[in-house]
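# Structural description and commentary
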Amino acid sequence: MRQSPPPRTYRVKSFGCQMNVYDGERMAELLAERGLSAAPEGEDADLVVLNTCHIREKAAEKVYSDIGRLRREDGSSPLIAVAGCVAQAEGDEIMSRAPAVSMVVGPQAYHRLPGMLEKATKGERATDTDMPADAKFSALPARRKAGPTAFLTVQEGCDKFCTYCVVPYTRGAEISRPCSDLVTEAQRLVEAGAREITLLGQNVNAWTGDDDKGRAIGLDGLIKKLAKLPDLQRIRYTTSHPNDMTDGLIAAHGEVDKLMPYLHLPVQSGSDRVLKAMNRSHTADSYLRLLERVRAARPDIALSGDFIVGFPGETDAEFEETLSLVDAVGYAAAFSFKYSPRPGTPAATMDDQIALAVMDERLQRLQAALNRDQLAFNKASVGKVCKVLVERRGKYPGQWLGKSPWLQSVHFEGEAAIGDIVTVELAEAGPNSLSGRLLAPTIA
Ligand code: SAM
Ligand code: SF4
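Residues numbered from 1 in each chain as written. Chains lettered and ligands numbered in written order. Predicted model: local features only at pLDDT ≥ 70, side-chain atom pairs only at ≥ 80, totals over all residues. Heavy atoms only, no water.

## Quick notes on the overall build of the protein
For the record, the criterion: Numbering of helices and strands runs from the N terminus, with a helix taken as a DSSP run of H or I at least four residues long and a strand as a DSSP run of E at least two residues long. Computation of the radius of gyration draws on C-alpha atoms alone. For the globule rule, the value is 2.2 Å times the number of residues to the power 0.38. We call two residues contacting when some pair of their heavy atoms lies within 4.5 Å. Surface accessibility in these figures is a Shrake-Rupley result with a 1.4 Å probe; residues are shielded only by whichever protein chains are displayed. Positive charges come from Lys and Arg alone, negative charges from Asp and Glu alone, with His and the N- and C-terminal ends not counted. To locate a charge, the coordinates of NZ of Lys, CZ of Arg, CG of Asp or CD of Glu are taken.
Helices and strands together make up the secondary structure of the protein, namely 12 helices and 21 strands. The C-alpha radius of gyration of the protein comes to 23 Å, within 12% of the 22 Å expected for a compact globule of 444 residues. In terms of its C-alpha atoms, the protein occupies a principal-axis envelope of roughly 60 × 55 × 50 Å. Once local pairs closer than 6 in sequence are excluded, the contacts in the protein between residues at least 24 apart make up 70%. Of the roughly 19400 Å² of accessible surface on the protein, 51% is carried by carbon and sulfur atoms. Looking at the protein, you have 54 positive and 59 negative side-chain charges, and the mean spots of the two groups are 3 Å apart.

## A few points about the site of ligand 2
For clarity, the threshold we go by: We call a residue near a molecule or strand whenever a single non-hydrogen atom of that residue lies within 4 Å of it. Just so you know the grouping, Ala, Val, Leu, Ile, Met, Phe, Trp, Tyr, Cys and Pro go in nonpolar, Asp, Glu, Lys and Arg go in charged, and all remaining residues, Gly too, go in polar.
Around ligand 2, the surrounding shell consists of Cys 158, Lys 160, Phe 161, Cys 162, Tyr 164, Cys 165, Val 167, Pro 168, Asn 203, His 241 and Arg 280. Looking at the shell around ligand 2 residue by residue, the class counts come to seven nonpolar, two polar and two charged.

## Section: the site of ligand 1
Selection rule: Any pair of N or O atoms that falls within 3.5 Å is considered a polar contact. Within protein, one atom must be able to donate a hydrogen and the other to accept it, and sequence-neighbouring residues count only if both atoms are side-chain atoms.
Taken together, the neighbourhood of ligand 1 is formed by 16 residues, with Tyr 164, Gln 202, Gln 268, Asp 306 and Ser 340 sitting nearest. Here a nitrogen atom of ligand 1 sits 2.9 Å away from a polar atom, N or O, in the main chain of Tyr 164. Ser 340 places a polar main-chain atom, nitrogen or oxygen, 2.8 Å from a nitrogen atom of ligand 1. Compared with its free state, where it exposes 560 Å², ligand 1 has 90% of that area covered by protein. Broken down by secondary-structure element, the contributors of at least two residues to the shell around ligand 1 are strand S15 (302–309) and strand S16 (333–338). Residue composition of the shell around ligand 1, grouped by class: six nonpolar, five polar and five charged.

## With respect to the nonpolar core
Going by this rule: Working definition of a nonpolar core: buried Ala, Val, Leu, Ile, Met, Phe, Trp, Tyr and Cys residues. They are joined through side-chain atoms within 4.5 Å. Exposure classes here rest on a 1.4 Å probe applied to the protein chains alone. A residue is buried below 20% of its type maximum, exposed above 50%, and partly exposed in between.
With 76 residues, the main nonpolar core has Leu 199, Leu 219, Tyr 237 and Tyr 331 as its most contacted residues. By residue number, the principal contributor to this core is helix H1 (residues 18–33), which donates six residues. Apart from the residues lying within four places of it in its own chain, the contact partners of Tyr 331 are Val 267, Tyr 287, Leu 303, Ser 304, Gly 305, Phe 307, Leu 325, Val 326, Leu 370, Asp 373 and Gln 374. Leu 70, Met 95, Ala 98 and Val 104 belong to the second-largest nonpolar core, a separate cluster that totals 19 residues.

## With respect to the sheet that holds strand S21 (residues 433–440)
Basically, it comes down to this: If DSSP finds at least two bridges between two strands, the strands pair. Here an axis means a line fitted to C-alpha atoms, over the contact stretch when the element is a helix, while the angle between two N-to-C directions is reported on a 0 to 180 degree scale.
Taken in spatial order, the five strands of this closed barrel run S17-S18-S19-S21-S20, and their pairing is mixed. Between one strand and the next, the sheet's axes are offset by a mean angle of 55°, whatever the strand orientation. As paired elements, strand S17 (residues 385–393) and strand S18 (residues 399–403) share four bridges and run antiparallel to each other. Residue pairing in the sheet places Arg 392 in a bridge with Leu 401 of S18. Those strands touched by helix H12 (residues 356–381) are strand S20 (421–429) and S21, and its axis lies near 120° from that of S20.

## Details of the pairing of strand S5 (residues 101–105)
To keep things clear, this is the line we draw: Whether a crossover is right-handed comes down to one check: with the strands pointing away from the viewer, does the path from the first strand over the helix to the second run clockwise; if it does, it is right-handed.
Burial of S5 is extensive: five of the five residues sit out of reach of the surface. Sheet analysis places strand S4 (residues 79–83) next to S5, joined by four bridges and oriented parallel. In the sheet register, Ile 80 faces S5, and the bridge partner there is Val 101. Once you follow S4 into helix H3 (residues 84–97) and on to S5, the crossover reads as right-handed. As defined by bridge partners, S5 adjoins strand S6 (residues 126–128) across three bridges and the pair is classed as parallel. If you follow Met 103 over to S6, its bridge partner there is Ala 126. With helix H4 (residues 113–121) bridging S5 and the parallel S6, this β-α-β connection has left-handed handedness.

## Considering the side chain of Glu 29
Take Glu 29: it is sitting in helix H1. In terms of polar contacts, Glu 29 uses its side chain to reach the side chain of Arg 143, at 3.0 Å. Aside from chain neighbours lying at most four places away, what touches Glu 29 is Pro 141, Ala 142, Arg 143, Arg 144 and Lys 145.

## Side note on the packing of helix H6 (residues 179–191) against helix H7 (residues 219–226)
What counts is decided by this rule: The handedness criterion is simple: a crossing whose near helix is rotated anticlockwise from the far helix by less than a right angle is left-handed, and one whose near helix is rotated clockwise is right-handed.
Their axes nearest at 10 Å, the elements H6 and H7 cross at an angle of 35°. The interaxial crossing formed by H6 with H7 has right-handed handedness. Contacts between H6 and H7 involve Cys 179, Leu 182, Val 183 and Ala 186 on the former and, on the latter, Leu 222, Lys 225 and Leu 226. Its residues assigned to classes, the contact of H6 with H7 comprises six nonpolar, no polar and one charged.

Following this line, the structure appears as structure tokens:
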């Protein structure tokens, strides 16, 4: 392996979930602390970090093609680090198949990236896919991220072992970050301009910790603590598991004004037999009853979910049960996927894998139903007067883009600035966004 001069510029490319976005930001902060600067858009970087996702098919192949694309015209490559869940799952193979890669680092070890980088410049290749018990978070520098919205990882890993899912293997066991560290990080983000913080975790509502007096609290307790930060206006959290929706968290939706009326609660299927085979430990009915309680606490809440079609053995009738559940809920938004066998998971070797053509047809029907409901939800919002957090400029001069409390994209024209929370009347609805009329600028 060749030696290289110490890199001066970096680019971090994150794929997949919001937790990867957060991890990508943290790696960028680590590199910035070492004096590297972000390569300007469209310019070559001395170091490229590919922060990968392994949740669905072809993830690994995508990494190899991304690595290939980094090759420059003169045949050289930047220093390349592969991070994230593909690194964790297939690190050794990446090292043997892709000589251009000098660093492979798993999602629990990326705080050690600067040390690996030093070795890489001397021509040494290194893999670190340890899952150290001591949390990486304490080794990371203070946040530098600025802007009106921010992610904050509060919980990592998963002990649920849904039979289709790779997360428990790539992200390890559930851990919760200490409450005081989270308050400090949130404070820092708010000082840098954050008006909205989204709390992240693979099972964010499994978060537990201690308050200042050493009493055990759950996610609702953490939300109430963060709601006391005066300049923080909005709190969201994702992704939750139905089994960890505690009474306290449901009640918080009715009690904490800053907690936005939006809940992403994946269900995956409407068939109890499929849910059992998935090891989901909830039924369609228990999920629907849970949503009734959430709606009782916060009647205007927007609901969102995740769905998998074509889990091994899923019959036509079982798929119809998923469509019935969708009809019963009326989702404001949702994510739906074709089942993808993940190496090493129990479902990958189950009998009755479903043909791709069947999955395609089911996904189309499901997405048609979900799109119908999303449009209906947006149309039902027309005429409402709500607060919009301004996130960026729109496509046209004088246009702004922001989010409603229900996480809808709203564009409007008028006097505003990024980070403002303005009052808007929702005027027209499309499937993916609404247009609004600015009523009053309200500076947060
Ligand atoms: N922890 C969350 C939960 O319990 O639902 C979700 C985390 S997972 C990163 C995000 C979504 O990816 C899941 O809700 C599921 O719908 C989808 N997913 C996970 N494994 C999958 C697979 N093997 N094939 C297709 N979709 C999958
Ligand atoms: Fe994956 Fe299930 Fe854990 Fe969600 S709860 S991360 S779907 S194993």
